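A structural walkthrough
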Amino acid sequence: AFGRSSGTLADSKGGAFGGGAAPGEQAAIFLYTTIKEVSGVNITDPIADLLTRIRNASTAKHPSVDVPASNLKKAIANILVEEGYVKGVQAITDDKQGVLRIALKYTETGAPVITGLRRVSKPGLRIYTNCADMPKVMKGLGTAIISTSKGVMTDKAARAANVGGEVLAFVW
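This one's a predicted model, so the numbers in the text were calculated from it and none came from an experiment.

What follows concerns the pattern of salt bridges. Counting across every chain of the model gives 5 salt bridges. A salt bridge links R119 to D45, with the shortest nitrogen-to-oxygen separation between them at 3.1 Å. Note that R119 is positioned in strand β6 (residues 117–119) and D45 in the loop between α1 (23–39) and α2 (46–59), a separation of 74 residues in sequence. Considered together, R119 and D45 belong to a single accessibility category, that of buried residues.

Right, dumping it as structure tokens:
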């Protein structure tokens, strides 16, 4: 519990942070470390982060969403474009890893085309399937995204190629 006492940041016991630093320096140090903690978050599941960003942006009716780029995220985003869930994907290069700008798609009434996204295989519990036991999402109306030895593909494409793999996500 943080509180203010005479212009300095203090903990619940009344002691000031930063030792002998001036009150303005204490606030600057506290603000810097707080921003560093928030912006430098280590993401343990980047695919879940991608799906959550898309879900949140479409719920908030944003025209597009920016996500940190990776080859796996590009492959998932391209599948979403091919299946008609999003308008398009644009790769933006920067001095770090790059950014994917995903243009979201809405119906004429303004409802998001993506009604549901679910991460299936997680870092703590991997889910694999073979070709015969390939899951059908919403009895075939949705799409399962599968990572196979032949690349990332939909459940329909994996059945056609007669390959199994890791079930990354369900989209409907």
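Moving on to the pairing of strand β5 (residues 99–104). Of the two faces of β5, only the one carrying L100, I102 and L104 is buried; V99, R101 and A103 on the other face are not. Where strand β3 (residues 64–68) meets β5, 5 bridges bridge the pair, whose relative direction is antiparallel. Looking at the pairing, V67 lines up with L100 of β5. Pairing geometry for strand β4 (residues 86–92) and β5, over 6 bridges, is antiparallel. Counted as the bridge partner of V86 is L104 from β5. Connecting β4 to the antiparallel partner β5 that follows it, the hairpin turn spans 6 residues, and G98 within it adopts a positive phi of roughly 95°.

Rules of the game
- Residues numbered from 1 in each chain as written.
- Predicted model: local features only at pLDDT ≥ 70, side-chain atom pairs only at ≥ 80, totals over all residues.
- Heavy atoms only, no water.
- Salt bridge = Lys/Arg side-chain N within 4 Å of Asp/Glu carboxyl O.
- Helix = DSSP H or I, 4+ residues; strand = E, 2+ residues; numbered from the N terminus.
- Buried < 20%, exposed > 50% of the residue type's maximum accessible area, 1.4 Å probe, protein only.
- Pairing = 2+ DSSP bridges.

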